[in-house]
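Chain by chain, the residues:
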Amino acid sequence: MIRSLVERLPIMICPRWVQVKAQPIAIEDLLSYLIAALDLPSGSSQVYEIGGPDQVSYGEIMQEYARQRGLSRWMIRVPLLTPYLSSLWLGLVTPLYARIGRKLVESLRNPTLISNNLAAKTFPVRPRSLREAITRALANEDREFAETSWSDALSSAGASRDWAGTRFGSRLVDSRTITVTVPPEQAFAPIRRIGGRTGWYYGNWLWSLRGFLDLIVGGVGVRRGRRDPENLHVGDPLDFWRVEAYDRPRRLRLHAEMKLPGRAWLEFEVTPCEQGSSIRQTAIFDPLGLAGLVYWYGIYPLHQFVFAGMLRNLGRAAEQSDGNSAPPRDAVTEAIAPETQASGASP
């Protein structure tokens, strides 16, 4: 709820409950208390109040999250905003249903502060601060997201789609697949050669234009090319991307270094199937505030054309390649040129 409010609203109308004090505790510290409670002597009972070391309002929690995300948020306090109206607003701008939001808001009328220090005297746990808890939560989310296999996540989770991709936490994901009648090594061959002189398999002039615009605003552009036309390593620059993960012949993930209102990744996965191999192409965007959301939804229709054309031509190039040597330059150009000339999209 807090993330959705902060990410989507540069200006927030705040009712009284936003100023109510609480002592938020990191989930890891809560689990540490529960594990430590197993060692308490049996035969007696006691209530232990636990919480983090910081007594903060919900508004201060939002401001700390905004600070760590690099966002500036203004909060305007209003004396009158009933739990019912607040719940409707939460249902509109956050993933919460209105009825859940109402129960939540009603529970925030009273401060939830620790009234005694018994837990600190009994348990060896020293809870981390609010700032540390949010920092660690964001870092853990990044780590888990980086380890996600989209071939598994999207096929088994049955995640719902809207017109602009699938949402995973704060991230927006657009993923598509194509099946080719070649083994994984051959299917992966054009993927490992992507960028640089080989190009992006669809609308190369549009990618060059995107790089030029990035250069104008102080970005890296596409002048870096790539270190080697055949081989990649983690950390290699690749036009305005950088190789973040590389597992031949299964996975290539690129992290964008262009100027963006957020963070972006482009990932390719190759898995064997009955017909040969399945290539999954996934574009991931972590929008930074409202500007990031406007950017994603604004260019998403154009991305539909570019990414669809790129995946289609990757499949063609895979079936023309032997998996070891680079495909003839004129063969790649012949496969790309018709769609490139017809496209009006922009990456």
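Look above for the structure.
Residues numbered from 1 in each chain as written. Predicted model: local features only at pLDDT ≥ 70, side-chain atom pairs only at ≥ 80, totals over all residues. Heavy atoms only, no water.

J.: What exactly am I supposed to notice about the packing of helix H9 (residues 184-192) against helix H11 (residues 289-320) here?
T.: How two helices sit against one another is set out by the angle between their axes and by the gap between those axes. Packing of H9 against H11 leaves a shortest axis separation of 8 Å and a crossing angle of 120°. Judged by the inter-axis angle, H9 sits oblique to H11. Crossing of H9 against H11: the hand is right-handed. Mapping the contact onto sequence places Gln-186, Ala-187, Pro-190 and Ile-191 in H9 and Leu-314, Ala-317, Ala-318 and Glu-319 in H11. Residue composition of the contact of H9 with H11, grouped by class: six nonpolar, one polar and one charged. (Axes fitted to C-alpha atoms, helices over the stretch in contact; angles between N-to-C directions. Helix = DSSP H or I, 4+ residues; strand = E, 2+ residues; numbered from the N terminus. Parallel < 35°, antiparallel > 145°, perpendicular 65-115°, else oblique. Left-handed = near helix turned anticlockwise from the far one by under 90°. Contact = heavy atoms within 4.5 Å. Nonpolar A, V, L, I, M, F, W, Y, C, P; charged D, E, K, R; others polar.)

J.: Honestly, the layout of surface pockets in this entry has me stumped. Any pointers?
T.: Vacant regions in the atomic arrangement are exposed by a probe of water-molecule size rolled over the atoms. Counted as a void, the largest pocket has a volume near 750 Å³. Together, 25 residues line the largest pocket, and Ile-25, Ile-61, Ala-133, Ile-134 and Ala-137 are the ones closest to its centre. In the lining of the largest pocket, the residues fall into 17 nonpolar, three polar and five charged. (1 Å grid on protein atoms, 1.4 Å probe; cavity = no way out; pocket = protein on both sides within 12 Å on 5 of 7 lines; lining within 4 Å. Points joined across faces, edges and corners; volume = space filled by probe spheres on them.)

J.: Even after reading the chapter, I still don't get the pattern of salt bridges, so can you show me in this structure?
T.: When charged atoms on two side chains of opposite charge get close, those side chains can pair. Taken as a whole, this structure holds 25 salt bridges when the rule is applied. Notably, a salt bridge pairs Arg-171 with Glu-141, separated by 3.1 Å at the nearest N-O pair. Taken together, the residues Arg-171 in strand E6 (residues 171-180) and Glu-141 in helix H7 (residues 130-146) connect sequence positions 30 residues apart. In this structure Arg-171 comes out as buried when scored by relative accessible area, which is 1%. On the basis of relative accessible area, Glu-141 is assigned to the partly exposed category, the value being 23%. Sharing partners across several salt bridges, the network here consists of Arg-3, Glu-7, Arg-69, Glu-141, Asp-142, Arg-171, Arg-263 and Asp-286. (Salt bridge = Lys/Arg side-chain N within 4 Å of Asp/Glu carboxyl O. Buried < 20%, exposed > 50% of the residue type's maximum accessible area, 1.4 Å probe, protein only.)

J.: Honestly, the nonpolar core in this entry has me stumped. Any pointers?
T.: For soluble globular proteins, nonpolar side chains are generally found buried alongside one another. Among the nonpolar cores identified, the biggest contains 38 residues, and Trp-200, Trp-241, Leu-252 and Met-310 are the most heavily contacted of them. Of all the elements in the fold, those that place two or more residues in this core are E6, H9, strand E8 (241-247), strand E9 (251-256), strand E10 (262-273), strand E11 (276-287) and H11. Among the elements that line this core, the one with the most residues is H11, at ten residues. Apart from the residues within four sequence positions on either side, Leu-252 is in contact with Phe-188, Ile-191, Ile-194, Leu-232, Val-243, Ala-245, Tyr-246, Leu-266, Glu-267 and Phe-268. One finds Met-12, Trp-17, Leu-71 and Val-93 within the second-largest nonpolar core, a separate group that totals 23 residues. (Core = buried A, V, L, I, M, F, W, Y, C linked by side-chain atoms within 4.5 Å.)

J.: It is not clear to me how empty space enclosed by the protein should be interpreted in this structure. Could you clarify?
T.: Taken as a whole, this structure holds one cavity of 30 Å³ or more when the rule is applied. When its volume is computed, the largest cavity comes out at roughly 190 Å³. Lining the largest cavity are 18 residues, with Trp-241, Ala-264, Tyr-295, His-303 and Phe-307 sitting closest to its centre. Examining the composition of the lining of the largest cavity, we find that five residues originate from one element, H11, more than from any other. Looking at the lining of the largest cavity residue by residue, the class counts come to 16 nonpolar, one polar and one charged.

J.: It is not clear to me how the environment of Thr-122 should be interpreted in this structure. Could you clarify?
T.: Mapped onto the fold, Thr-122 is located in helix H6 (residues 118-122). Along the primary structure Thr-122 and Ala-37 are separated by 85 residues, whereas in three dimensions their C-alpha atoms are 9.3 Å apart. For Thr-122, the contacting residues outside a window of four places in its chain are Leu-40 and Tyr-48. A polar side-chain atom of Thr-122 sits 2.9 Å from the main-chain carbonyl oxygen of Leu-118. (Polar contact = N/O pair within 3.5 Å; in protein donor to acceptor, adjacent residues only side chain to side chain.)

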